[in-house]
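Below, each chain spelled out in residue letters.
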Amino acid sequence: MKIKYFLFALFLSITLHSCVVLSTKKYKAMLSQRDSLFSRSANLEEELAKLQSDTARLHRELAGLRHDLADQQAGYTTLKGNYDALNTNYGSASSKVSQLSSDLQKREKRLREVEDILRKRDEATNALKDKLQKALLGFQQNGLTVDIRNGKVYVSLTDKLLFPSGSIVIDERGKAALKQLAAVLNKEPDINMAVEGHTDDKKVINLGQIKDNWDLSVLRATSVTRYLTEVEKIDPHRLTATGKSEYQPIDPADSNDARTKNRRIEIVLSPKLDELYNLIKK
């Protein structure tokens, strides 16, 4: 608008001056110039308004772009932080997986070693059972049995094979059986022995120093242990003697046949497992 007023004032001044000194032809030419100037002024004002509008729009767009850039930068910062955290966690997890894998390999190795030891134990147990069955074959019709239970060899001798009725003194037939047993065991130094005395459920009556089935089971077990160590020279460090009284019967039936089975000495043979125990402790 200021440009327009300036041009109008200029033209008015020229016009007034021209009215005095100029001819009609020149006056008309000047009027034409005035109209041209007004037209150009209007165009310039339109272009100025457009430029101002465009400038305002560009400022708004620039502000929006700056806002978007700030959001993008904030998002990038967050993503980078998450990436760094994930990278750290991945490194930690990778280290843990590596450690777990190493531990698993060690455990698998130990498991194979344990399985190998147990396999060897089973092989030794079966071989020992076969040796004892062959050595004691002549006594198996007199109440002697050899079997494997829970990885151990059980040599079971009925009381009638070892002792007179109600006695704790081993008779000659019992000594012969124990002698054959000791001949095998003296060649097997890695076998431990537990001598267990078992009775039936009938109460002990009038046996002097033997007051009950506990006494009878313990004293019979110690009689066998003493014979094996003192006479057959088995290392006493390999033996233990225990009395089970009537509380671990083979046959719980209330019959004379069941009671006969339950009155017995069981010699439990188990291979030394020091190697296995040491491995497990590790």
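Residues numbered from 1 in each chain as written. Predicted model: local features only at pLDDT ≥ 70, side-chain atom pairs only at ≥ 80, totals over all residues. Heavy atoms only, no water.

**Student:** What is the right way to read the packing of helix 2 (residues 24–135) against helix 4 (residues 172–185) from this model?
**Tutor:** When two helices pack together, their arrangement is captured by the angle between the axes and the distance separating the axes. Interhelical geometry of helix 2 versus helix 4 gives an angle of 145° and a closest axis separation of 9 Å. Helix 2 and helix 4 meet at a crossing whose hand is right-handed. Judged by residue contacts, Leu128, Lys131, Leu132 and Ala135 of helix 2 engage Gln180, Leu181 and Val184 from helix 4. A class-by-class count of the residues in the contact of helix 2 with helix 4 yields five nonpolar, one polar and one charged. (Axes fitted to C-alpha atoms, helices over the stretch in contact; angles between N-to-C directions. Helix = DSSP H or I, 4+ residues; strand = E, 2+ residues; numbered from the N terminus. Left-handed = near helix turned anticlockwise from the far one by under 90°. Contact = heavy atoms within 4.5 Å. Nonpolar A, V, L, I, M, F, W, Y, C, P; charged D, E, K, R; others polar.)

**Student:** Sorry if this is basic, but what is going on with the pattern of salt bridges here?
**Tutor:** Where charged atoms from two side chains of opposite charge come close, those side chains can pair. What the rule picks out here adds up to 20 salt bridges. Between Lys50 and Asp54 there is a salt bridge whose closest N-O contact spans 3.1 Å. Residue Lys50 and its partner Asp54 are both found in helix 2; the two are separated by four residues, about one turn of the helix. Taking the relative accessible area as the measure of exposure, Asp54 reaches 21% and is therefore partly exposed. Among the ionic pairs, Glu61 bridges to Arg57, the shortest N-O distance being 3.0 Å. In this pair, Glu61 and Arg57 both sit in helix 2, four residues apart, roughly one turn of the helix. The exposure class of Glu61 is partly exposed, given its relative accessible area of 40%. Through salt bridges with shared partners, one network takes in Lys50, Asp54, Arg57 and Glu61. (Salt bridge = Lys/Arg side-chain N within 4 Å of Asp/Glu carboxyl O. Buried < 20%, exposed > 50% of the residue type's maximum accessible area, 1.4 Å probe, protein only.)

**Student:** Sorry if this is basic, but what is going on with the nonpolar core here?
**Tutor:** In a soluble, globular protein the nonpolar side chains are often hidden away together inside. Ranked by size, the top nonpolar core spans 31 residues in total, and within it Leu132, Val155, Leu178, Val224, Ile267 and Leu269 carry the most contacts. Contributing elements (two or more residues each) for this core: helix 2, strand 1 (144–149), strand 2 (152–158), helix 3 (159–162), helix 4, strand 3 (191–198), helix 5 (213–231) and strand 5 (264–271). With residues near it in sequence (within four places) discarded, Leu178 still touches Leu162, Ile170, Val224, Tyr227, Leu228 and Ile267. (Core = buried A, V, L, I, M, F, W, Y, C linked by side-chain atoms within 4.5 Å.)

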